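# Architecture at a glance
Next come the chains, spelled out residue by residue.
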Amino acid sequence: MEMKTPKPWLTAEQQVAHLEAEGVRFEMADRFEAESYLKTNNNFFRINQFKKGFPRYCGGLHDGEYIHLDFAMLKNLAIIDYEFRQVLLLITMDVEHFAKIKLLSYLEKKGEDGYSIVADFLASRDRVGKDGATVTNPVKVEIDRAKEGCYTDAFVDGYPGYEFPVWVFVELIPFGVFNQFLFFVANKHDDKKLRSAFYRLQSVKSLRNACGHNNCVLDDLKSGEPKYQVGHEVKNALRAVGFSDPTLRTKMSNDRLQQISTVLYMHHRMASSGVIAAKGEQLRHITDRMYRNIDYYEKNDVVRSSFQYFKKLVDAWYPDAS
């Protein structure tokens, strides 16, 4: 297999020169401002991610260079992405919190014993090794890790033998394991609505992981081939907002837009009124920030229409009550 040539470590000045060679302009933001930003506020790799949303010339004198792309546009997107990511992370944590509350309420209404449902789930996660004798359990491995944390060690020590009541168990396990537990409950009761909630929560988990690891979320908003189709419940809610089916086919073909839409849908349906109001204020700040320099993207329909999409969604699901 052919080895890739290692890329050199570029200074900020060399990074600017590299961008300029690719057709990036330094008119709205000059070279000195760009160099300063790359030295102190952001790194070259992250800024580079936002170039994916801009077209290039194909053929001719400027073949391969970016069309109508100024560094200020990349910087603006990076700032918006950072601020949006902070709010989205908090929103995914809200959804996790309220999903746990709702599942506990569901189990209580079903008359489930708080201990046996956990024991049954843990037993379902046992895995027999190839030797036919060794049994491993990935959930118990996760719980054992919690013994090392100063915030969770008391939970584990208080219930030896993994004999947790469900109200402790859901607060101890990671979000991914909680989703598995919810799916287990949905299958036990053959509950289609709860099973659908599991698939929506998978989108919440994916977005939370991306935000938690500081991955860019707005660097690629183009339509494409999604890994999964958006659920009917979310799609119908988006139609009720006023989005046409052609718009939804385009926007929901992008995994990022699909996940963010699903998360905001779940949040505004599940969270308390106070939480919705607080997050709505933060989201409106983000959409205002998106519109501050929206004229930058007059010739970039993907970015401009995505910002318009977010604003319409936030205005509908998080109206300003003041």
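Okay, so let's go over this structure. (Residues numbered from 1 in each chain as written. Predicted model: local features only at pLDDT ≥ 70, side-chain atom pairs only at ≥ 80, totals over all residues. Heavy atoms only, no water.)

## So, the nonpolar core
What counts, and what does not: Here the nonpolar core consists of buried residues drawn from Ala, Val, Leu, Ile, Met, Phe, Trp, Tyr and Cys, with membership extended through side-chain atoms lying within 4.5 Å. Per-residue accessibility, obtained with a 1.4 Å probe over protein chains only, is compared with the maximum for each type, and a residue is labelled buried under 20%, exposed over 50%, and partly exposed between these values. Secondary structure counts use DSSP, requiring at least four H or I residues in a row for a helix and at least two E residues in a row for a strand, with both numbered from the N terminus. Any pair of residues with heavy atoms lying within 4.5 Å of one another is described as a contacting pair.
Grouped together as the largest cluster of nonpolar side chains are 94 residues, with contacts concentrated most on Phe71, Phe169 and Phe181. Broken down by element, this core gets its largest block of residues, 17 residues, from helix α4 (residues 71-109). Not counting the four nearest positions on each side in its chain, Phe181 is found in contact with Leu103, Leu107, Ile117, Phe121, Val166, Phe169 and Val170.

## Structural notes on the environment of Lys140
Within the secondary structure, Lys140 sits in helix α6 (residues 138-146). A residue is classified by how much of its surface remains accessible, and Lys140, at 25% relative accessible area, is partly exposed. Each C-alpha atom, one on Lys140 and one on Ile173, is 9.5 Å from the other, the two residues being 33 residues apart in sequence. Sequence-distant contacts of Lys140, defined by excluding residues within four places in its chain, comprise Leu122 and Tyr162.

## Comments concerning helix α13 (residues 255-270)
Within an α-helix, residues lying three or four positions from one another point in the same direction, as the helix has 3.6 residues per turn. Note the cut-off: To estimate how far a helix should extend, the number of its residues minus one is multiplied by 1.5 Å. The term polar contact refers here to a pair of N or O atoms within 3.5 Å; inside protein, the definition further demands a hydrogen-donor-capable atom paired with an acceptor-capable atom, and it admits residues adjacent in sequence only when both atoms are side-chain atoms.
Along its 16 residues, α13 runs 22 Å from first to last C-alpha, staying within 8% of the 22 Å computed at 1.5 Å per residue. Most of α13 sits inside the fold, with twelve of its 16 residues counted as buried. Buried within α13 are the following residues: Leu257, Gln258, Ile260, Ser261, Thr262, Val263, Leu264, Tyr265, Met266, His267, His268 and Met270. In this structure, the buried side of α13 is in contact with α4, α10 (192-212), α11 (232-241), α12 (245-251), α14 (273-292) and α15 (301-317). Residue Asn254 occupies the N-cap position of α13, its side-chain oxygen lying 2.9 Å from the main-chain nitrogen of Arg256.

## Considerations on empty space enclosed by the protein
To keep things clear, this is the line we draw: Only protein atoms enter the calculation, which uses a 1 Å grid: trapped sets of points that fit a 1.4 Å probe without letting it out are cavities, open sets showing protein on both sides within 12 Å along at least five of seven lines are pockets, and any residue with an atom within 4 Å of a point is a lining residue. Grid points are joined across faces, edges and corners, and a volume is the space filled by probe spheres set on the points. We call Asp, Glu, Lys and Arg charged. Ala, Val, Leu, Ile, Met, Phe, Trp, Tyr, Cys and Pro are nonpolar, and the rest, Gly among them, are polar.
According to the stated counting rule, one finds one cavity of 30 Å³ or more in the structure shown. Taken together, Phe50, Gly53, Phe54, Leu77, Leu218, Asp219, Asp220, Leu221, Lys222, Val302 and Val303 make up the full set of residues lining the largest cavity. Partitioning the lining of the largest cavity into residue classes produces seven nonpolar, one polar and three charged.

## A short note on the packing of aromatic side chains
What counts, and what does not: Any Phe, Tyr or Trp ring, taking Trp's six-membered ring, that has another such ring centre within 6.5 Å forms a pair; planes under 30 degrees apart are called stacked, those over 60 apart edge-to-face, and the others tilted. In this scheme, the term charge over a ring applies when either NZ of a lysine or CZ of an arginine sits within 6 Å of the ring centre and within 35 degrees of the ring normal.
For the structure shown, the criterion picks out 20 aromatic pairs. Both rings, one in Phe84 and one in Phe310, keep their centres 5.2 Å apart while their planes meet at 70 degrees; by these two values the pair is edge-to-face. Taken as a pair, Phe84 in helix α4 and Phe310 in helix α15 lie far apart in primary sequence, 226 residues in all. On the basis of relative accessible area, Phe84 is assigned to the buried category, the value being 2%. Look at Phe310 and you get buried, because its relative accessible area is 2%. Among the aromatic residues, those joined into a cluster by ring pairs are Phe121, Tyr159, Phe164, Phe169, Phe181 and Phe184. Lying across the ring of Tyr291, Lys311 places its NZ or CZ 5.8 Å from the centre. For the cation-ring pair, Lys312 lies above Phe243, with the distance from its terminal atom to the ring centre recorded as 4.9 Å.

## What about α15?
Taking 1.5 Å of rise per residue, the 17 residues of α15 would be expected to cover 24 Å, and the 24 Å separating its terminal C-alpha atoms lies within 8% of that figure. All buried positions along α15 are accounted for by Val303, Ser305, Ser306, Phe307, Tyr309, Phe310, Leu313, Val314 and Trp317.

## Here's the deal with the pattern of salt bridges
Opposite charge on two side chains permits pairing when their charged atoms draw close. Quick reminder of the rule: Salt bridge, as used here: a side-chain nitrogen of Lys or Arg that lies within 4 Å of a carboxyl oxygen of Asp or Glu.
What the rule picks out here adds up to 20 salt bridges. Two residues, Glu22 and Lys51, come together in a salt bridge whose shortest N-O distance is 2.4 Å. Of this pair, Glu22 sits in the loop between α1 (12-21) and α2 (31-40) while Lys51 sits in the loop between α3 (44-49) and α4, and the two are 29 residues apart along the sequence. In this structure Lys51 comes out as buried when scored by relative accessible area, which is 5%. For Lys279, the salt bridge goes to Asp94, with nearest N and O atoms at 3.0 Å.

## Quick look at unusual backbone geometry
Notably, Asp190 is not glycine yet its phi reads approximately 45 degrees, a positive angle. Looking at the element boundaries, Asp190 is found in the loop between α9 (175-188) and α10. The exposed category is assigned to Asp190, whose relative accessible area is 56%. Even without a glycine there, the phi angle at Asn214 is positive, about 60 degrees. The topology assignment puts Asn214 in the loop between α10 and α11.

## Observations regarding the side chain of Asp81
Tracing the backbone shows Asp81 in helix α4. Classification of Asp81 as buried rests on a relative accessible area of 0%. Not counting chain neighbours up to four residues away, the residues in contact with Asp81 comprise Phe50, Asn215, Cys216, Val217, Leu218 and Asp219.

Worth remembering: the numbers are spatial, not functional.
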